[in-house]
Every structure is written in C-alpha cells, then in structure tokens.
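Letter by letter, the chains look like this.
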Amino acid sequence: MKILITGVAGFIGSNLADRLLKEGHRVVGIDNLAYGLKENIPEGVDFYQMDIRDKGMYSLYSDVDVVFHFAAKNCIADCQNDPVETADINVMGTVNVFEAARQGKVNKVVYAESSAMYEGSSVLPTPESEVKPESFYAVSKLATMYFAETYARFYGGQMSDSRCQISDVSDLGKSSTNNESRITNHGLSFTALRYFCVYGPVQDYRRTIPPVMSAFIIKLLKGEQPTIYGTGEKKRDFVYVDDINDFHMMCLTDKRTDGHVYNLGAGVNYSVNDIYRMVSDLLGIHTEPLLMPDLPGEAQITLADITKAKNLGWAPKTDIQAGLVNAIEYIKSEMAKGRV
C-alpha cells in the first residue's frame, strides 16, 4: 500500500513509518519539524517538510490508500497557554488533512483523537462513550471528531447495516449518526484512535513538559533532580508504542475498524510515583524528586476500557518493565550521540 503519515518526524509517526517500511509498504511523510526531528524519520520515507495547514500538500495525497494523521499541537500546557494556535493547528490543520484526503480520493483516514477527551469523566475504566473534555487540547480533539463524522456522512458513500460509532457522545449531545449505519469503504472512511499514555523509543522528550518516563530517565542519568507535578498520585494508563502499531496495522486491512473510534491503552494504570520508582530501580539511581505545583487541565486518573479493540483480536503485549528498559536504552543512545 501507499501510506501517508502526517507528523512523521514525531514519536508515533516515526515508529509507525519504520514498521510500515519493514512490512513492504511505501510511506510518504509530512512534517513541518516544529515538534518532530528530521533524524527520527526512517530511511526510505518519501519526506516533505510541510505544514498540515498548507493547501500545497494536496497533490501528495494522490494515489494514497490510507492516511495516518498524527500531526498536532499536543502538549496540554502549551495548548492551555495558546488556545488560538491550538485551534488553528489541531482543528483547521486536521480539516485540511481531511479535505486533502477527500480530493485525493484516499480510501481511509486513521486519525488521532486523545484520552484527554475523558478529562471530566469519573467512569473508570473509561469507555468510548464518556466524552467530557475540559482542556483546550481536548476540546480541539472533540472538534476534529465532529468534522470526521461530517466528512464521513457527506463523502463516505454507501452505508452498511451496522451502527456508526464514530462518536458515542452522551452529555455533549447525541451524534448525528448515532442511529445510522456505519460508513463502509465505498467512499472515504475514518477510524478514530484515542491514545492513552503511549511510551517507548523516540518519545518526544523535548516538549515544554516532557512525558514522565523520558523526563525521569533523562534527569536521573544526568544526575539531576527529576520534577513531579502535584503529589505524584495521578494515575495513568501507559501503553507501549509497538502495541499501538499492532492496531495501526489492523486498521490497514480490517474493514471492521471503518467508521469506529477505539481506545488504545493497556487497560491497567500506574501512579506517577510508581513510574518514578520503577525507573529509579532499573537505573539503580535513587534521587528525591522535586515536587512542583500541579498542572492545570489534566485528569487525575486515566484508565482505558479497551473492550472494543480487544473484540477485534487486539491486545497490548508489552510488560511495563520491558517497555521501560527499551525506553531507557533509547535515551542512553541519544545521550551517547549528544542529542540529549
């Protein structure tokens, strides 16, 4: 297949590009390198340094079978500080990707939503129906969900007999396709993926507030005091990037994924303090962390209900200890190259 990835220089995008190339697919990559790094892009990717808001990218979507759309402004703290740019990149940029896919006659778009859309929910584990965003980042992802639903409704072609679940929205109003049939691939179809805390090699440690695992590993290896925001008792569902890519590969060929939204997490969670202890023990470095005021706009607990994804035969396979060892080895290799 010919696959196009937006955000190909980022964490998930570069890992997926590597997997696709190894399995014999052709990969076209788009990234403006505002957040991603060119050295992350695997050799063999047909790379274009472009912004997803640029209509000049439309020609790249010609003859593409599937688009994976990951490009976004995704640091919650940065999004809170600049809601205008957040909307411009995450909403307008995503709609531009959808339109490019439509004009290029792409069969399918697999795009990133986020577990942040469950920030206001108290239901644990959280199913796909519990959409209650609070932060600007989460609201921007909600907007893309509605655009995807509307593109599917107007440009998705014929309907099949099963129910469309591109958005199972409750308190925010019923989805307009809630009682309609699922979009089949007679036209442009969509699969929405709500990632929980994905970790592993190439994780973006350069963000304003880096992901906890990378942040802890880097600080401890440098002999510095790691930072924990709040008490450290926030709990997160951490899922390894290779397991995420297993589901991405299913999306390429499994028509059951068309027109649906899926939680992608491990189905178990750990506190930030738990992760800190694991990293410290694996490194054999024990330094008292610096406690800072809590960050606004973050959920206290995340825990994915992954029943829908598991019903398709997918399940996370990577033990968190094994995943952390891989993450540590990656950071060590980056430090040896002088990049960290």
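Everything in this summary refers to the structure shown in the same document.

Reading the values: rules and limits
Residues numbered from 1 in each chain as written. Predicted model: local features only at pLDDT ≥ 70, side-chain atom pairs only at ≥ 80, totals over all residues. Heavy atoms only, no water. Pairing = 2+ DSSP bridges. Helix = DSSP H or I, 4+ residues; strand = E, 2+ residues; numbered from the N terminus. Axes fitted to C-alpha atoms, helices over the stretch in contact; angles between N-to-C directions. Contact = heavy atoms within 4.5 Å. Patch = residues over 30% accessible without salt bridge, like charges linked within 9 Å, V, L, I, M, F, W, Y side chains within 5 Å. Areas by Shrake-Rupley, 256 points an atom, 1.4 Å probe, with all protein chains shown as cover. Salt bridge = Lys/Arg side-chain N within 4 Å of Asp/Glu carboxyl O. Buried < 20%, exposed > 50% of the residue type's maximum accessible area, 1.4 Å probe, protein only. Right-handed = clockwise from strand over helix to strand, strands pointing away.

For the rest of this paragraph, the subject is the sheet that holds strand β2 (residues 26-30). Taken in spatial order, the seven strands make up an open sheet running β3-β2-β1-β4-β5-β8-β13, and their pairing is parallel. Across the chains shown, the open sheet's two edge strands, defined by having one partner strand only, are β3 (46-48) and β13 (261-264). Direction aside, neighbouring strands of the sheet carry axes that sit 20° apart on average. By the bridge criterion, three bridges tie β2 to β3 in an arrangement that is parallel. Residue pairing for β3: Gly 29 is matched across the bridge by Phe 47. Sheet strands in contact with helix α1 (residues 11-22) are β1 (2-6), β2, β4 (66-69) and β8 (189-195), and its direction is about 165° off that of β1.

Another aspect to go through is a nonpolar patch on the surface. Together, Tyr 229, Leu 290 and Met 292 make up a nonpolar patch on the protein surface, roughly 230 Å² of accessible area in all. For Leu 290, the position within the fold is in strand β15 (residues 290-292). Leu 290 sits in the partly exposed class, given a relative accessible area of 34%.

This part takes up the side chain of Thr 257. Mapped onto the secondary structure, Thr 257 falls in the loop between α6 (241-253) and β13. For Thr 257, a relative accessible area of 0% corresponds to the buried category.

Here we come to the pairing of β2. Each regular strand carries side chains that alternate between the two faces of the sheet. Most of β2 sits out of view: four of its five residues are buried. Sheet analysis places β1 next to β2, joined by five bridges and oriented parallel. Across the sheet, the residue bridging to Thr 6 is Ile 30, located in β2. After leaving β1, the chain enters α1 and then returns to the sheet as β2, a path that is right-handed.

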